[in-house]
Amino acid sequence: MNATMDVKHLSDFLGFSVEKLQKHNLFKSERFFLDVYCLTPGQSQKPHRHATSDKVYLVLEGRCRFRIGADEASHGPGASLFAPAGVEHGVTNDGPDNARLLVLMTPPPEHA
């Protein structure tokens, strides 16, 4: 299989909206997706679960409150969090600044 190198720079994914959190896709295949989530202060992704998909959040900038299962805590740049398949999870930007998260999910949920 021949493929060309596909390079993306995280610094290019800065699209914020006052209406709702923005999801910017970097890469996607039938096996995974990798997005940058951009959240302004107060924005959130409601708690939800994926029956057959694992998710990883990596905080690039800002500070967010994460809920994974019964645990809830705020984390800043460099923190990575794992939400296993079947476990309820969500995130809220509870800080004073914009936040960006790198989000990996495998496999992508059926509705995506």
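Residues numbered from 1 in each chain as written. Predicted model: local features only at pLDDT ≥ 70, side-chain atom pairs only at ≥ 80, totals over all residues. Heavy atoms only, no water.

Chemist: Quick question: what am I supposed to make of the nonpolar core here?
Modeler: Across soluble globular proteins, nonpolar side chains show a tendency to be buried alongside one another. Of all hydrophobic cores here, the largest spans 17 residues; its most connected members are Y37, Y57, C64, F66, L81, V91 and L101. Considering every element that reaches this core, the biggest residue donor is strand β9 (residues 99–106), with four residues. Beyond its immediate chain neighbours, meaning those up to four positions away, C64 contacts A73, S74, H75, V91, T92, N93, D94, A99 and L101. Listed in part, the six residues of the second largest apolar core include F13, L26, C38 and L102. (Core = buried A, V, L, I, M, F, W, Y, C linked by side-chain atoms within 4.5 Å. Buried < 20%, exposed > 50% of the residue type's maximum accessible area, 1.4 Å probe, protein only. Helix = DSSP H or I, 4+ residues; strand = E, 2+ residues; numbered from the N terminus. Contact = heavy atoms within 4.5 Å.)

Chemist: Is there a simple way to explain the pattern of salt bridges in this structure?
Modeler: When the charged atoms of two side chains with opposite charge come close together, those side chains can pair. Counting across every chain of the model gives six salt bridges. Here R100 ties to E61 by a salt bridge, and the two come within 3.3 Å at their closest N and O atoms. Within this pair, whereas R100 is found in strand β9, its partner E61 is found in strand β4 (residues 54–61), the two being separated by 39 residues in sequence. Under the relative-accessibility criterion, E61 is labelled partly exposed at 31%. The salt bridge partner of R67 is E88, with a shortest N-O separation of 2.2 Å. Taken together, the residues R67 in strand β5 (residues 64–68) and E88 in the loop between β7 (80–83) and β8 (89–92) connect sequence positions 21 residues apart. (Salt bridge = Lys/Arg side-chain N within 4 Å of Asp/Glu carboxyl O.)

Chemist: I'm lost on the pairing of β5 in this one. Help?
Modeler: Strand residues, when the strand is regular, have side chains that alternate between the two faces of the sheet. What you see with β5 is a clean split: C64, F66 and I68 sit on the buried side and R65 and R67 on the side with no burial. Where β5 and strand β6 (residues 71–75) come together, five bridges link them in antiparallel fashion. Paired with I68 across the two strands is D71, which belongs to β6. Connecting β5 to the next strand, β6, in antiparallel fashion are two residues, including G69 with a positive phi near 65°. (Pairing = 2+ DSSP bridges.)

Chemist: Explain the sheet that holds β8 to me, please; I cannot follow it from the model alone.
Modeler: Through backbone hydrogen bonds, the strands of a sheet pair up, either in parallel or in antiparallel fashion. Read from one edge of the open sheet, four strands run β3-β8-β5-β6, paired in antiparallel fashion. Every interior strand has two partners, whereas the edge strands, β3 (44–48) and β6, have only one. Taking each pair of neighbouring strands and ignoring which way they run, the sheet shows an average axis angle of 15°. Note that β5 and β8 share four bridges and pair antiparallel. Counted as the bridge partner of R67 is G90 from β8. (Axes fitted to C-alpha atoms, helices over the stretch in contact; angles between N-to-C directions.)

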